[in-house]
Amino acid sequence: MKKILVIHGPNLNLLGQREKDVYGQTTLEEINQQLQDFAKGQDVVLNIVQSNHEGDLVDRIGDAKNDGFAAILINPAAYTHTSVAIRDALLAVGLPAVEVHLSNIYAREDFRHKSLVAPVVCGQISGFGIKSYLLGLQALIGIIKV
Ligand code: DQA
């Protein structure tokens, strides 16, 4: 069975308490549960991690192929807009990846309009709340099952 690595970036551990008007009431645990429920019906295994540390995320991405993952679903959170290292790690590992955001980053502050990650992933889904993750996972499963 194919394995997908799901990565949540910084501050996403605070979902449910954090800027609820922007990110909603759903906690990270609830998002993860919904992702796991969806994956069960799709014959894929999810390994879900969250970190507030850029280097941890770079390590996880860089090791993903050797760790047996077929694809990566990632919400790089604030590192979307700043991290050359995460972008380079995605390029280096060469696995299909989809970038997701709960909020519509293009409808927010100017500094969020640029994603350093977007050019090196298969696609980006932004602005659908928790559905962004489910849509991203669905897209990724479609890519690895082809
Ligand atoms: C986010 C959008 C980012 O700009 C922000 O820094 C986040 C969350 C989102 O899911 O909407 O932490 O990635």
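Keep in mind the model is a prediction, meaning the values are calculated, not measured.

A. The packing of helix H2 (residues 28–40) against helix H5 (residues 130–145), seen in detail. One way to put it is that H2 packs onto H5 with a least axis distance of 10 Å and a crossing angle of 30°. In terms of orientation, H2 lies roughly parallel with respect to H5. Seen from above, H2 lies across H5 with right-handed handedness. In this structure, H2 uses Ile31, Gln34, Leu35 and Phe38 to contact H5, whose residues at the interface are Ile130, Tyr133, Leu134, Leu137, Gln138 and Ile141. Class assignment of the residues belonging to the contact of H2 with H5 gives a composition of eight nonpolar, two polar and no charged.

B. Main features of unusual backbone geometry. A positive phi angle, near 30°, is found at Glu19, a position not held by glycine. Secondary-structure assignment places Glu19 in the loop between strand S1 (2–8) and helix H1 (20–23). Residue Ala77 is not a glycine yet carries a positive backbone phi of 50°. A relative accessible area of 13% means that Ala77 is categorised as buried.

C. Quick peek at the environment of Leu73. For Leu73, the position within the fold is in strand S3 (residues 69–75). For Leu73 and Asn47, which are 26 residues apart along the polypeptide, the C-alpha to C-alpha distance reads 10 Å. Leu73 has contacts with Ile4, Leu5, Val6, Ile7, Leu35, Val98, Val100, Tyr133, Gly136, Leu137 and Leu140, leaving out every residue within four places of it along the chain.

D. Up close: the side chain of Thr80. Here Thr80 shows up in the loop between S3 and helix H4 (84–93). Since its relative accessible area comes to 0%, Thr80 is described here as buried.

E. The sheet that holds strand S2 (residues 44–50), seen in detail. Pairing within the open sheet is parallel, and its five strands lie in the order S2-S1-S3-S4-S5. The sheet is open, and its two borders are formed by S2 and strand S5 (123–126), each paired with just one other strand. Within the sheet, the average angular offset between the axes of one strand and its neighbour, ignoring direction, is 20°. Summarising the sheet, S1 and S2 pair through seven bridges and their orientation is parallel. Along S2, the bridge assignment pairs Lys3 with Val45.

F. Fine view of the environment of Asn11. Of note, Asn11 is situated in the loop between S1 and H1. A sequence separation of 103 residues divides Asn11 from Lys114, and the C-alpha atoms of the two residues are 19 Å apart. Here Asn11 is in contact with Arg18, Gln50 and Asn52, once residues within four sequence places are set aside.

G. Region of interest: the packing of aromatic side chains. Counting across every chain of the model gives zero aromatic pairs. Sitting above the plane of the Phe69 ring, Lys3 keeps its charged end 4.4 Å from the centroid.

The rules we used
- Residues numbered from 1 in each chain as written.
- Predicted model: local features only at pLDDT ≥ 70, side-chain atom pairs only at ≥ 80, totals over all residues.
- Heavy atoms only, no water.
- Axes fitted to C-alpha atoms, helices over the stretch in contact; angles between N-to-C directions.
- Helix = DSSP H or I, 4+ residues; strand = E, 2+ residues; numbered from the N terminus.
- Parallel < 35°, antiparallel > 145°, perpendicular 65-115°, else oblique.
- Left-handed = near helix turned anticlockwise from the far one by under 90°.
- Contact = heavy atoms within 4.5 Å.
- Nonpolar A, V, L, I, M, F, W, Y, C, P; charged D, E, K, R; others polar.
- Buried < 20%, exposed > 50% of the residue type's maximum accessible area, 1.4 Å probe, protein only.
- Pairing = 2+ DSSP bridges.
- Phe/Tyr/Trp six-rings, centres within 6.5 Å; stacked < 30°, edge-to-face > 60°.
- Lys NZ or Arg CZ within 6 Å of the ring centre and 35° of its normal.

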